[in-house]
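# An overview of the molecular structure
In case you want the letters, here they are:
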Amino acid sequence: MAELKCSGLTRVFPGGAGVHRIDLQVEAGQVHALVGLNGAGKTTLLRLLIGMLLPDAGTVGYGSRRLGDVRPADWARVGHMVGHPLAYPELVVRTNLALAARLHWVSPNRVGGVVAMAMAELDLVKHADQRVRILSQGNLQRVGLAVALQHEPDVIVLDEPTSALDPSGVLLLRKVLLRRAAAGAAILVSSHHLDEVARIADRITVMNRGELVGELDPTSPDIERAFFARVLADDQSRVR
């Protein structure tokens, strides 16, 4: 099921904000970046893709299945972090990861090893027995990423995953995502850090005012200029 796609996806809120007629395909083995200014609709789109919001129109598909037909076993192959990192504040890091692993159908005899690998991969070992509520924002972000990634999902959806990370955390996440893509995962990452996503993305799609308005070349020497030119051209086309 390592493919995520949507067609004609639309959700409009009172006042007109939302997303409109979105067609998107995230292929297996690729990192697909979704970039846009704040308020462009990126988080709304990601919430629709993982079923946190229901669309007014359009469809979402995981592999050959539509979102409404995805089975629990299929959902166990999805990893996501959209919004606040998912963790219980009064539980320690190790326990949070163990619970998340079981929710993703990791067998009981594998949970300890899976959690140990996730903590090592995201440099959380020294925080293993700390309650989540006392963690820094950066380490909380790492816990959320570990929850999303530790079960080796086929489809990964991350909303601004580097927002609270320090430079070492950004470099670490870059390696983690590239390894997952090389193993065949379909990865969708939203961000406004153009230079960072250009280092890992196979495709970059631009979103503006709730619509997809084109793509950027990740190898472009001046990707920021290309991004703002694309957004400006779209804004100007709307006032004619």
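Structure report, in brief. (Residues numbered from 1 in each chain as written. Predicted model: local features only at pLDDT ≥ 70, side-chain atom pairs only at ≥ 80, totals over all residues. Heavy atoms only, no water.)

### Comments concerning the pattern of salt bridges
Proximity of charged atoms lets side chains of opposite charge pair with each other. For the coordinates displayed, the defined rule picks out 20 salt bridges. Across the pair Glu-121 and Arg-180 runs a salt bridge, and its minimum N-O distance is 3.0 Å. With a gap of 59 residues between them, Glu-121 in helix H4 (residues 108–121) and Arg-180 in helix H6 (residues 167–182) connect regions that are remote in the sequence. For Arg-180, a relative accessible area of 2% translates into the label buried. Where Arg-180 meets Glu-152, a salt bridge forms, and the shortest distance between an N and an O atom there is 3.3 Å. Placement of Arg-180 in helix H6 and of Glu-152 in the loop between helix H5 (137–149) and strand E7 (155–159) is noted, with a sequence separation of 28 residues between them. Using a relative accessible area of 32% as the deciding quantity, one classes Glu-152 as partly exposed. One salt-bridge network, held together by shared partners, links Arg-21, Glu-211, Asp-234 and Arg-238. (Salt bridge = Lys/Arg side-chain N within 4 Å of Asp/Glu carboxyl O. Helix = DSSP H or I, 4+ residues; strand = E, 2+ residues; numbered from the N terminus. Buried < 20%, exposed > 50% of the residue type's maximum accessible area, 1.4 Å probe, protein only.)

### A word on the sheet that holds strand E10 (residues 211–216)
Backbone hydrogen bonds are what pair the strands of a sheet, in a parallel or an antiparallel way. The strand order E6-E7-E8-E3-E9-E10 describes an open sheet built from six strands, whose pairing is mixed. At either end of the open sheet lies a strand with only one pairing partner, and these are strand E6 (78–81) and E10. Going across the sheet, the axis of each strand differs from the next one's by a mean of 15 degrees, ignoring polarity. As paired elements, strand E3 (residues 31–35) and strand E8 (residues 186–191) share five bridges and run parallel to each other. Pairing of Val-31 across the sheet is with Ile-187, part of E8. Of the strands in this sheet, E3, E7, E8 and strand E9 (203–208) touch helix H1 (residues 42–49), which is tilted by about 150 degrees from E8. Helix H8 (residues 223–238) contacts E3, E9 and E10 of the sheet and is inclined by roughly 145 degrees relative to E10. (Pairing = 2+ DSSP bridges. Axes fitted to C-alpha atoms, helices over the stretch in contact; angles between N-to-C directions. Contact = heavy atoms within 4.5 Å.)

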